[in-house]
Amino acid sequence: MGEAVVTPLASVFDQDEKRLLQECIHCGFCLPTCPTYMENGKEMDSPRGRLYLMASVLNGNAPIDDAFREHVNLCLVCRACETACPSGVQFGHLMEITRSALAETKPPSFFEKQLLRKVLTSHGWLSTLFTLTRLYQKTGLQKLFSTRPFDFVVPSKLRTLQASLPPVPPQRFSTGDNTLYSAIGEKKGTVSLFTGCVMDHLYPHVHAATVRLLTWNGFDVNIPARQTCCGALHAHSGDTQTTSDLAQSNIDLFDNTVSEYIVINSAGCGAHLKSYSKYIEAELSSKIVDLSEFLARLEMKQMSNGRVLKVTYDEPCHLLHGQRVSAEPKSLLSQIPGVELVPLRGADHCCGSAGRYTITETEMSLELLERKMDAVVESGANILVTANPGCQIQLAWGVRRRRIEMEVLHLAQLLDRVYSSEPGYPTDPTAKEN
Ligand code: SF4
Ligand code: SF4
């Protein structure tokens, strides 16, 4: 245990937030929904316990010490507790500001700071990082360093990271210029697509599928250049300054685009962009829609009968709890001819991805992933669908680890695949899987 530092949270909690904290009535309804509490049964790793700890530190009755940090850092910020809470406690927000206080008392390491502030905020740095990673994967170095003798040389966190990463595609989706893809047939409107940071590099084929779906269904799709990271990871890490800077930069960019909606195919980014008004004055939030919300409101073009598929859907926490979007993706899946949508036990429980949680809290992340994989096998599905890149990485890794015969797809990929046999369906933009 390190030395206790007596630093109250008073400097980061304003009056409203202090009031929010008091809204907890200690009823415990949130306990059975909390993945960390369900896993280890510790009260202090439950939402109620964490709120109690926050209040104790805020009131000066407890120090910010290593134990406090551990309970705070083990939280996934999945927000399942918010959905369960009858008092409307905004747990995610309280956790973010608590982490900002922790970041002040113990600043992140040099490496972490560079990753958050330099790499994630720059497509140049991301391109360099992913080009090197691709070389590492393609030249066989990854295989070599995954063998037993190197277990002693390669740090365990790095081994986890390299095992969980999907193959890096040769290029990212965005061209770096403003791009407009035209609607096919009668035009219904114009939307912008938020392409984000890591997703643009690791899942360009999901963005491509999204653009094809939207243009096929009558929308011009605008991809503004100079988009940057949404800032969700910075907010979860307590870096409020970079969070606000990124929010401002995206708002400036999207405020100048002529689109009725900003469509997002990443649940984590969508939940964060919808909450921009927490950080700065922003009208943007009302234009943000998840892809599934947007498509479910449309009269989508007919799909022909396809292959009979057994599909199951895992609900990304930031879509279900962060945006309260649940019926739409399932309704879209059940509209696909030939698809049998089978239930997934615990579909509303976090898969253990949660941003960089797989690296920072590997043990708990793997326990949650194993629990999820038990349910996935039980479902008997051939395809596991999600709607968030972080979940897609984690679930695909879980399927590989267990050698389960199953594809893990983004909702956009499955819909795109079904539409692709329709005459006239676009083949551009052509980003393909590696
Ligand atoms: S956000 Fe998730 S992990 Fe954190 S306390 Fe709430 S339910 Fe538990
Ligand atoms: S459900 Fe809400 S009010 Fe009840 S213990 Fe959990 S956070 Fe507190």
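Residues numbered from 1 in each chain as written. Chains lettered and ligands numbered in written order. Predicted model: local features only at pLDDT ≥ 70, side-chain atom pairs only at ≥ 80, totals over all residues.

**Quick notes on the sheet that holds strand 3 (residues 219–223)**
Right, on to step 1. As summarised here, the arrangement of the five strands in space is 1-3-2-4-5, forming an open sheet in which the pairing is mixed. In this open sheet, the two edge strands, each paired with only one partner strand, are strand 1 (179–181) and strand 5 (288–290). The sheet shows a mean angle of 35° between the axes of neighbouring strands, taken without regard to direction.
Right, on to step 2. The pairing of strand 2 (residues 189–194) with strand 4 (residues 261–264) spans four bridges and is classified as parallel. Bridge assignment links V191 to a residue of strand 4, and that residue is Y261.
Right, on to step 3. Most of the contacts of helix 12 (residues 204–216) go to strand 3, to which it runs at about 145°, and overall it touches strand 1, strand 2, strand 3 and strand 4.
Right, on to step 4. Strand contacts of helix 15 (residues 267–274): strand 2, strand 4 and strand 5, with the helix running at about 155° to strand 5, the strand carrying the most contacts. (Pairing = 2+ DSSP bridges. Helix = DSSP H or I, 4+ residues; strand = E, 2+ residues; numbered from the N terminus. Axes fitted to C-alpha atoms, helices over the stretch in contact; angles between N-to-C directions. Contact = placed C-beta atoms within 7 Å.)

**A few points about the sheet that holds strand 8 (residues 383–386)**
Right, on to step 1. Judged by pairing direction, the sheet is parallel, and its four strands sit side by side in the order 7-6-8-9 without closing on themselves. Edge positions in the open sheet fall to strand 7 (339–342) and strand 9 (407–410), since each of these has one partner strand only. On average, each strand axis in the sheet is tilted by 35° relative to the strand beside it, whichever way the strands run.
Right, on to step 2. In terms of strand pairing, strand 6 (residues 309–313) meets strand 8 through three bridges, oriented parallel. Along strand 8, the bridge assignment pairs Y313 with V385.

**Here's the deal with the site of ligand 1**
Right, on to step 1. For ligand 1, the set of nearby residues contains 14 residues, the closest of which are C34, P47, C75, C78 and C81.
Right, on to step 2. Across the shell around ligand 1, the residue classes break down as ten nonpolar, two polar and two charged. (Near = placed C-beta within 6 Å. Nonpolar A, V, L, I, M, F, W, Y, C, P; charged D, E, K, R; others polar.)

**Considering the site of ligand 2**
Right, on to step 1. For ligand 2, the set of nearby residues contains 15 residues, the closest of which are C24, C27, C30, R48 and C85.
Right, on to step 2. Of all the elements in the fold, those that place two or more residues in the shell around ligand 2 are helix 3 (47–58) and helix 5 (80–84).
Right, on to step 3. Of the residues assigned to the shell around ligand 2, the class counts are eleven nonpolar, three polar and one charged.

**Side note on the domain arrangement of the chain**
Right, on to step 1. Domain boundaries assigned for the chain yield domain 1 (9–105) and domain 2 (309–419).
Right, on to step 2. Each of domain 1 and domain 2 has a C-alpha centre, and these two points are 27 Å apart.
Right, on to step 3. At the junction of the two partners, domain 1 supplies twelve residues and domain 2 supplies 13 residues.
Right, on to step 4. Only helix 2 (35–40) and helix 5 provide two or more residues apiece to the side of domain 1 that touches domain 2.
Right, on to step 5. Considering only residue class, the side of domain 1 that touches domain 2 consists of six nonpolar, three polar and three charged. (Domains from an automatic or database assignment.)

**As for helix 14 (residues 240–255)**
Right, on to step 1. Over its 16 residues, helix 14 extends 22 Å from the first C-alpha to the last, a length consistent with the 22 Å expected when each residue adds 1.5 Å.
Right, on to step 2. Among all positions of helix 14, only T243, L246, A247, N250, I251 and F254 are buried. Down the axis, helix 14 shows its buried residues gathered within 135° of arc, on one side only. Residues of helix 14 that are exposed and point over 90 degrees away from its buried face: Q241 and D252.
Right, on to step 3. Looking at the buried residues of helix 14, the elements they touch are strand 2, helix 13 (232–237) and strand 4. (Expected span 1.5 Å × (residues − 1). Buried ≥ 20, exposed ≤ 12 C-beta atoms within 10 Å, placed from the backbone. Arc of directions from axis to C-beta.)

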